[in-house]
Amino acid sequence: MANFRRFRPDDLNKLSKCNLDPLTETYELSFYLQYYAKWPSLFQVAEDQHGNIIGYIMGKLESSPDVYQFSEHYLPWHAHITAVTVAPEARRLGIGKLLTEQLEVAADANDAWFVDLFVRSTNHKAITFYKSMGYSIYRVVKDYYGDHSSDPTKDSEDAYDMRKPMKRDVKKEHIREDGKKHEVDPSDVW
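Residues numbered from 1 in each chain as written. Predicted model: local features only at pLDDT ≥ 70, side-chain atom pairs only at ≥ 80, totals over all residues. Heavy atoms only, no water.

- Looking at an unreviewed UniProt entry, one finds the protein named Acyl-CoA N-acyltransferase, with Diplogelasinospora grovesii as its source organism.

Set out below in structure tokens:
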């Protein structure tokens, strides 16, 4: 059984079980601490009975800067999942789902229009997982990742910007059915 709680700075030394997965983005220590400082309620961990971190989610609440308000790429107030990962030995136990649902509850509590995330277009397991939770592809961000997870001959990899509408988006204005047909450059994404 897993225990869910807020991330603490001393957890930084316990994330390696989760971060060893090649599809999990690993960040500099200051990046984790920035999320802890700015959005502590959206940085949650799951730990096993021995205190080992076996999963975590990092999220934030944001909108595009006002100067971009009239851009076609403007993002209204929303929650963003920066990272969600579960250690290999703890997968298929519902931990990722529970972490994601906790962030979605916080998004609704903060009146967000939607939750979004970026996922490698080749990460089929993650895409299937997110779709099962109600997320859909909103657009393709061309060459978003500076490396390719499965083909060393390629310099980059596309990302899917996936979204799930929250309660505020009654008319489903911030999702679309044909997201794979909408391609943008990384410079169009904030």
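More follows now that the structure is in view.
With respect to helix α3 (residues 95–109)
- The first and last C-alpha atoms of α3 sit 21 Å apart over 15 residues, in line with the 21 Å expected at 1.5 Å per residue.
- Those residues of α3 that sit buried are I95, G96, L99, T100, L103, E104, A106 and A107.
- After α3 finishes, the residue D111 shows a positive phi value of roughly 60°. (Helix = DSSP H or I, 4+ residues; strand = E, 2+ residues; numbered from the N terminus. Expected span 1.5 Å × (residues − 1). Buried < 20%, exposed > 50% of the residue type's maximum accessible area, 1.4 Å probe, protein only.)

Considering the packing of aromatic side chains
- Scanning all chains against the criterion turns up 13 aromatic pairs.
- The ring of Y138 carries the charged tip of R163 above its face, separated from the ring centre by 3.5 Å.
- Above the plane of the ring of Y138 lies R176, whose end atom (NZ or CZ) is 3.9 Å from the centre. (Phe/Tyr/Trp six-rings, centres within 6.5 Å; stacked < 30°, edge-to-face > 60°. Lys NZ or Arg CZ within 6 Å of the ring centre and 35° of its normal.)

Digging into the nonpolar core
- Ranked by internal contacts, the top residues of the largest apolar core, which has 44 residues, are Y56 and M162.
- Top contributing element to this core by residue count: strand β3 (residues 53–62), with 6 residues.
- Sequence-distant contacts of M162, defined by excluding residues within four places in its chain, comprise V115, D116, L117, V119, I127, Y130, K131, Y135, S136, I137 and Y138.
- Within the second largest apolar cluster, 6 residues are counted, among which are F118, V141, A159 and V189. (Core = buried A, V, L, I, M, F, W, Y, C linked by side-chain atoms within 4.5 Å. Contact = heavy atoms within 4.5 Å.)

Side note on the pattern of salt bridges
- Applying the stated criterion across every chain yields a total of 11 salt bridges.
- Note that K164 is salt-bridged to E104, the shortest N-O span being 3.1 Å. Placement of K164 in strand β7 (residues 157–165) and of E104 in helix α3 is noted, with a sequence separation of 60 residues between them.
- Where R163 meets D161, a salt bridge forms, and the shortest distance between an N and an O atom there is 3.9 Å.
- With relative accessibility at 0%, the residue D161 sits in the buried group.
- A single network of salt bridges, built from pairs that share partners, joins R5, D11 and E47. (Salt bridge = Lys/Arg side-chain N within 4 Å of Asp/Glu carboxyl O.)

Some thoughts on unusual backbone geometry
- Here the phi dihedral of R92 falls at roughly 65°; this positive angle occurs in a residue that is not glycine.
- You can see R92 is positioned in the loop between β4 (78–86) and α3.
- Unlike most non-glycine residues, D143 shows phi in positive territory, near 55°.

Structural notes on the environment of M1
- Considering the arrangement of structural elements, one finds M1 in the segment before β1 (3–6).
- Residues M1 and S187, spaced 186 residues apart in sequence, show a C-alpha to C-alpha distance of 42 Å.
- Apart from the residues within four sequence positions on either side, M1 is in contact with E47, D48 and Q49.

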